[in-house]
Amino acid sequence: MIITRKSQVTPLLEACLNSFENQDSVALIKQIDYQILSKKVKFPLLEFCAITLFESTPNHVQLDLCRKIGDLNREGGNVLIGKILQLRLEQNFESSLNEAVYHIAKGKEWYVSDLIGERVFGVALLTQPILCFPFLNQLTNHTSNWVVRSIGSGTHYAIKKGLDYNSSKDMFHILLKLSNTRDYQIKRGIGWAAKTCAKFHPQIIYDLEEKLKDDPSIGTWFKTKVKIGLARHAHAQL
């Protein structure tokens, strides 16, 4: 059974919240796992659950709640973590970004990087780009390839959702720093973002055409992703 309606998930969520009446986070986590994460729940409904959990738990409990959810190693748990941290960005920007890095680095599957990267880094780029740029730039040197991959997923999400030209250009230069990697996971994330940037902001690519053509340090795989993005932009204009 796949849960596809809010009316289906609401009573399950209420059962979770009832277990937290005495501020018992252990009981809450058990119920989240049993009532929600052990079932097939559509991602938008998991985000609805995350919003409710965020609104129903005090600030000082939320990071510990995310860590306990992460310890369950459920795919849907990453949606909950990502959304809760996203909602914390407005009041707890830096700590939420750092917590996202913790969970992504700890993950063992590609979807941990993408689900959290989009929801946290992507929204941080859209809402606080000036603060987010130096943070993501530092992550280019992170020891975890999952974390470096997440720069791409966050950038892809932000550009797709309307990141402005200048901010997208700044992010493309960060992507270029990783354009010679040989790591498969980093290629996947960074290439995804480069393709999206070319599709939505082709002028960035045209302005760097000579560099992209002649710089031997830029990997062929990166150039291919850019070409695909430009082709998709051209197709969309037809």
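Scoring rules and cut-offs
- Residues numbered from 1 in each chain as written.
- Predicted model: local features only at pLDDT ≥ 70, side-chain atom pairs only at ≥ 80, totals over all residues.
- Heavy atoms only, no water.
- Helix = DSSP H or I, 4+ residues; strand = E, 2+ residues; numbered from the N terminus.
- Expected span 1.5 Å × (residues − 1).
- Buried < 20%, exposed > 50% of the residue type's maximum accessible area, 1.4 Å probe, protein only.
- Contact = heavy atoms within 4.5 Å.
- Phe/Tyr/Trp six-rings, centres within 6.5 Å; stacked < 30°, edge-to-face > 60°.
- Core = buried A, V, L, I, M, F, W, Y, C linked by side-chain atoms within 4.5 Å.
- 1 Å grid on protein atoms, 1.4 Å probe; cavity = no way out; pocket = protein on both sides within 12 Å on 5 of 7 lines; lining within 4 Å.
- Points joined across faces, edges and corners; volume = space filled by probe spheres on them.
- Nonpolar A, V, L, I, M, F, W, Y, C, P; charged D, E, K, R; others polar.

J.: Looking at this structure, I do not really get helix H6 (residues 93-106). What am I missing?
T.: It helps to recall that an α-helix has 3.6 residues per turn; residues three or four apart then point in one direction. Over its 14 residues, H6 extends 20 Å from the first C-alpha to the last, a length consistent with the 20 Å expected when each residue adds 1.5 Å. For H6, the set of buried residues is Phe93, Ser96, Leu97, Glu99, Ala100, Val101, His103 and Ile104.

J.: Before we go on, may I ask you to explain helix H4 (residues 59-71) in this structure?
T.: When we look at burial in H4, the residues that qualify are Val61, Gln62, Leu65, Cys66, Ile69 and Gly70. Considering only its buried residues, H4 is in contact with helix H2 (25-37), helix H3 (43-56), helix H5 (75-88) and H6. Of the residues flanking the end of H4, it is Asn73, one or two places downstream, whose phi is positive at about 55°.

J.: Looking at this structure, how should I read the packing of aromatic side chains?
T.: Applying the stated rule across the entire model yields four aromatic pairs. Plain terms: the ring middles of Trp110 and Tyr111 are 5.9 Å apart, the flat faces sit at 75° to each other, and that makes the pair edge-to-face. A relative accessible area of 44% means that Trp110 is categorised as partly exposed. Between Phe172 and Phe222, the ring centres sit 5.7 Å apart and the planes meet at 50°, which makes this aromatic pair tilted.

J.: How should the nonpolar core be read in this particular structure?
T.: Grouped burial of nonpolar side chains is what soluble globular proteins tend to show. Counting 74 residues, the largest nonpolar core has Ile32, Ile36, Phe121, Phe172 and Phe222 as the members making the most contacts within it. Residues in contact with Phe121, not counting those within four places in the same chain, are Leu97, Ala100, Val101, Ile104, Ile116, Cys132, Phe135, Leu136, Leu139, Ser150 and Gly154.

J.: How do you make sense of the environment of Ala231 when you look at a structure like this?
T.: Within the element layout of this structure, Ala231 appears in helix H14 (residues 220-236). On the basis of relative accessibility, which here comes to 47%, the residue Ala231 falls in the partly exposed class. It is 7.5 Å that separates the C-alpha atoms of Ala231 and Lys199, two residues lying 32 residues apart in sequence.

J.: Please explain the layout of surface pockets as it appears in this structure.
T.: To find the voids left in a structure, one rolls a probe of water-molecule size over its atoms. Of the pockets and cavities examined, the largest pocket occupies roughly 250 Å³. Lining the largest pocket are 15 residues, with Gly70, Asn73, Gly107, Lys108 and Val112 positioned closest to its centre. Elements supplying a minimum of two residues to the lining of the largest pocket: H4, H5, H6 and helix H7 (110-127). It is H5 that provides the largest number of residues to the lining of the largest pocket, a total of four residues. In terms of residue class, the lining of the largest pocket is built from four nonpolar, six polar and five charged. Around the second largest pocket, the lining residues are Ile205, Tyr206, Glu209, Leu212, Lys213, Lys223, Val226, Lys227 and Leu230. If you list the elements that add at least two residues to the lining of the second largest pocket, you get helix H12 (202-207), helix H13 (209-214) and H14. Broken down by element, the residue count for the lining of the second largest pocket peaks at four residues, all from H14.

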